Every structure is written in structure tokens, then in C-alpha cells.
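# Descriptive structure summary
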Amino acid sequence: MTLRHWIPTAVLILATGCSTAQEPEIKPAIDWSEKLTDEQFRILRQCGTEPPFTGAFWDHHEDGVYCCAGCSQALFDSHDKYDSGSGWPSFFEVLAEKAITTRTDYKLGYPRTELLCSACDGHLGHVFGDGPEPTGLRYCINSASLAFVPRDSAQVVREIPKIVD
Ligand SMILES: [Zn+2]
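Since we're looking at a predicted model, the values are computed, not measured. (Residues numbered from 1 in each chain as written. Predicted model: local features only at pLDDT ≥ 70, side-chain atom pairs only at ≥ 80, totals over all residues.)

### Here's the deal with the environment of R112
Convention followed: A run of DSSP states H or I qualifies as a helix once it reaches four residues; a run of E qualifies as a strand once it reaches two. Both are numbered from the N-terminal end. Residue pairs qualify as contacts under a 7 Å threshold applied to their C-beta atoms, which are placed from the backbone.
Within the fold, R112 resides in strand β6 (residues 112-117). Residues R112 and H126 lie 14 residues apart in sequence; the distance between their C-alpha atoms is 6.9 Å. Apart from residues no more than four positions distant in its own chain, R112 is found in contact with D105 and H126.

### Things to note about the sheet that holds strand β5 (residues 100-105)
Rules: Criterion used throughout: strands pair if DSSP finds at least two bridges between them.
Pairing is antiparallel across the open sheet formed by six strands, whose spatial order is β3-β4-β8-β7-β6-β5. Among the strands making up the open sheet, the edge pair consists of β3 (81-82) and β5. Where β6 and strand β7 (residues 123-128) come together, four bridges link them in antiparallel fashion. By the bridge assignment, T113 is partnered in β7 with V127.

### Notes on the nonpolar core
Cut-off, in case you're wondering: Remark: nonpolar core denotes a set of buried Ala, Val, Leu, Ile, Met, Phe, Trp, Tyr and Cys residues whose joining runs through C-beta atoms within 7 Å. Put plainly, a residue is buried at 20 or more neighbouring C-beta atoms within 10 Å of its own, exposed at 12 or fewer, and partly exposed in between, counting only other residues' C-beta atoms, which are placed from the backbone.
Within the largest apolar cluster, 28 residues are counted, with the highest numbers of intra-cluster contacts made by C67, L75, V94, L95, Y139 and I141. Elements with a contribution of two residues or more to this core: α3 (38-45), β1 (64-68), β2 (74-77), β6, β7 and β8 (138-141). Ranked by residues supplied to this core, first place goes to β1 with four residues. If we ignore the near neighbours within four places in the chain, the residues touching C67 are S72, Q73, A74, L75, L146, A147 and V149.

### Observations regarding the pairing of β8
Covered by surrounding structure in β8 are R138 and C140 together with Y139 and I141, the residues of both alternating faces. Two elements, strand β4 (residues 90-91) and β8, share two bridges in a ladder whose sense is antiparallel. Its bridge partner lying in β8, F91 is registered against Y139. The pairing of β7 with β8 spans four bridges and is antiparallel. By the bridge assignment for β8, G125 is matched with I141.

### Side note on the pairing of β6
In terms of strand pairing, β5 meets β6 through six bridges, oriented antiparallel. By the bridge assignment for β6, I100 is matched with C117. Two successive antiparallel strands, β5 and β6, enclose a turn made up of six residues, where G109 displays a positive phi of approximately 95°. Linking β6 back to β7 in an antiparallel pair, the connection comprises five residues, with D121 at a positive phi of about 65°.

### What to know about the sheet that holds β2
Remark on secondary structure: sheet strands pair via backbone hydrogen bonds, oriented parallel or antiparallel. Applied cut-off: Orientation is described by lines fitted to C-alpha atoms, with helices fitted over the stretch in contact, and by angles between N-to-C directions that extend from 0 to 180 degrees.
Read from one edge of the open sheet, three strands run β2-β1-β9, paired in antiparallel fashion. Unpaired on one side and paired on the other, β2 and β9 (146-150) mark the two borders of the sheet. If you compare each strand with its neighbour and ignore which way they point, the axes differ by 30° on average. Two elements, β1 and β2, share three bridges in a ladder whose sense is antiparallel. Within β2, the position partnered with V65 by the bridge is D77.

Structure (C-alpha cells):
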């Protein structure tokens, strides 16, 4: 291919990259430091961790749904919460697999599976393989990453189907 041919091809690729079919979802810029408390910002946006036995939900037993404190996406159902003894809110299942994304975290020198809200990329906690049946998983979540919605108070939350992908 001569240079003369190469240039129009490159232009065509650039133009195609801007087509609507390939356009990635653009998330609006959010000033998280204004929207969140200092503790929520440190944990959700800077991958922090709250000390065990200190958060609002490690010993919380009401019936409802736990949503992302950053964007309100529903993440966990109180039916799937259990007392792991860890001092952090623990669940053996997520409300919908699509609500969570994962990545490998080496912060402690060994690999752990970090959990993030799929809608806002907020840090939630980690998942471990020492949970109870039926999943054998322990979703270990910071209280500061969660907002609780009582089941009877929000029709929209009640209608969220439990999806297992
Ligand atoms: Zn979120």
C-alpha cells in the first residue's frame, strides 16, 4: 500500500470510530466530592476500607434492599445477608450479576477480587470463597458504599427482579 492510499484509509477508520454504533456509553462527569460524605468518597472513589464493626450495616437486620450509596443502583437483598463475623456487611449473593463488576486487587500483596458498582464504578468491597451455601461466596461490603431502602417504602425497588445470569 502506498502512502497515497494509506491516508484515506486512516481517515475512514477515524470516521468509523465516531459512528453511533461503536460509540461507548458516556457517563456524565459527577463531582463525587460534593455528592458524597468524606467517608463515602474515601471508600467509594478512592477504594478505601472502613474499620470492621464500625459501619452502619454490619449489624443491620431490616428487610429491604441495599443500594449503591453513589448512584442508587440496587445491589443486594437483605434476604441474602448473613452474619459472617467479619464486622462488615456480608452477603452470599448479589441482587443481579449485572449490578457488579470485578477486578483483581493486589493491594495486600496477594490477589483479591474487588467489587465495583457497574453503574458508577464505585468501590464496594471484595468477594471471597468462604461464604455459606448455596453460593459458597462472601460478598464483603463497606457500609459506607451502601444505602438501605426498606422493602415496603419503594415500589421501584420491590419490582427489581432477582436475576441470576
Ligand atoms: Zn453506583
